[in-house]
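What follows is the residue order along each chain.
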Amino acid sequence: MGPAAKVELHLHLDCAASYGAVAALAPGTTFEEYRREFVGPPKATSLVDLLRRPRRIVALMQDRRGLRVITEDLFDQLARDGVVYAELRFAPLQHLDGGLRPEEVVEEVERTAAAAAAATGIDARLILCTVRHFSPEQSMRTAELVERFRGGLVAALDIAGDEAGYPLDPHVPAFRYAAEHGLPRTAHAGESAGPASVWETLERLEPARIGHGARSVEDPKLVAHLRERGTHLEICPSSNVLTDMVDRYADHPVDRLYRSGVRLGISTDVRAMIDTTLSGEYERLHATFGWDEEHFRRCNAAALDAAFAPEAVRRRAATRLGLGGSPPGAGTG
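Computed from a predicted model, the values in this text were never measured in an experiment. (Residues numbered from 1 in each chain as written. Predicted model: local features only at pLDDT ≥ 70, side-chain atom pairs only at ≥ 80, totals over all residues. Heavy atoms only, no water.)

A. Region of interest: the state of the cysteines. Counted according to the given criterion, the structure contains zero disulfides. Here C236 stays unpaired: no disulfide links it, and the sulfur of C15, its closest cysteine neighbor, is 11 Å away. Free of any disulfide, C299 has its nearest neighbouring cysteine sulfur in C236, separated by 12 Å. (Disulfide = S-S within 2.5 Å.)

B. Focus on the pattern of salt bridges. Following the criterion strictly, the structure yields 28 salt bridges and no others. One salt bridge connects R150 with E147, and the closest N-O pair in it is separated by 2.8 Å. Take R150: its relative accessible area is 39%, and that puts it in the partly exposed class. The structure contains a network of salt bridges with shared partners spanning R64, R68, R101, E103, E104, E108, R111, R141 and R148. (Salt bridge = Lys/Arg side-chain N within 4 Å of Asp/Glu carboxyl O. Buried < 20%, exposed > 50% of the residue type's maximum accessible area, 1.4 Å probe, protein only.)

C. Highlighting the packing of aromatic side chains. Tallied over the full model, the rule gives eight aromatic pairs. Between Y249 and F289 the ring centres are 6.3 Å apart and the planes differ by 40 degrees, which places this aromatic pair in the tilted class. A residue pair is termed long-range when its members are at least 10 positions apart, and Y249 in the loop between α11 (237–242) and α12 (254–259) and F289 in helix α14 (residues 278–289) qualify at 40 residues. In this structure Y249 comes out as buried when scored by relative accessible area, which is 11%. An aromatic cluster of at least three residues, connected via ring pairs, comprises Y19, F31, Y34 and F38. Note that R209 overlies the ring of F308, its terminal NZ or CZ placed 3.9 Å from the centroid. (Phe/Tyr/Trp six-rings, centres within 6.5 Å; stacked < 30°, edge-to-face > 60°. Helix = DSSP H or I, 4+ residues; strand = E, 2+ residues; numbered from the N terminus. Lys NZ or Arg CZ within 6 Å of the ring centre and 35° of its normal.)

D. The sheet that holds strand β4 (residues 154–160), seen in detail. Overall, parallel pairing links the four strands, which are arranged β1-β2-β3-β4 in an open sheet. Looking along the sheet, the strands with just one partner apiece sit at the ends: β1 (6–12) and β4. Across the sheet, the mean angle from the axis of one strand to that of its neighbour is 25 degrees, orientation sign disregarded. Packed onto the sheet, helix α6 (residues 102–120) meets β2 (83–90), β3 (123–131) and β4 and runs at close to 160 degrees relative to β3. (Pairing = 2+ DSSP bridges. Axes fitted to C-alpha atoms, helices over the stretch in contact; angles between N-to-C directions. Contact = heavy atoms within 4.5 Å.)

E. Layout of unusual backbone geometry. Even without being glycine, H212 reaches a positive phi, approximately 80 degrees. One can find H212 in strand β6 (residues 209–212). What makes H212 buried here is its relative accessible area of 0%. The backbone phi angle of D269 is positive, close to 75 degrees, even though this residue is not glycine. Here D269 lies in the loop between β8 (264–266) and α13 (271–274). Judged by its relative accessible area of 3%, D269 is buried.

Nothing here speaks to function; it is all geometry.
Structure below.
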């Protein structure tokens, strides 16, 4: 179910390694070990529990070869999934244990992504993440990397991590720097914490998009604010079930948010851990909420309209999505 061509805006590079990629970097890893150590059980106890899982993948991404193999692997997955435009996010400062400098990490991922994009025909951009537990200096360093690499595939700044466990205060200067330099911003919020976290993130970081944001549904005033401001939500239903934000897929507020007129798109977030594809996500939305081709068309159009990409790239993706060759301004309402 769903269109052959798709857009995916919220996808973590260090949470998407296939068994083939892991086996290439850690020979001798059995499929059973991969399922146990890299994928994990279908239900985490919390977001914090889920955040422990990528450590095994991150450990394989501490040198150029590891970064290259994981990036190429993800493009292979996206090509099979029919994704025509994707934004991949990662935290460069989490890949320094092998002696690489932050600039070298970004250079390697960008070089590999450019080659993989050319080989697969997938248009892509990169988002650099700071993380909630980072220091102010680490966050600023990440923002400075976005500025240094702007004009290539690096497109935006994000903040990820334990939303409920760490405050925003250390990261406000980095996002202020990004705003002053005209750098696009997105931010994780409304995942493990409620509407108050989304309000704070919008007010203090001023992102154009919110990563997840599903718990915004708990506050009608916030939903109205998001709709009126045109703030795009990067919704990841299966991931939210995995982290126990909701108990079952049928409990997810994605359909209510869509019907409320909030601009949103669908993503997988942590492909390896949810053990599905974007096509699989669409199938679940169809089976659970009765979503049809028009729902997916509107979500892809809204996602492309919110993409951190030049107009020429968005026009090319729009053509492949069958949207008439230009990124539409229409939302999901």
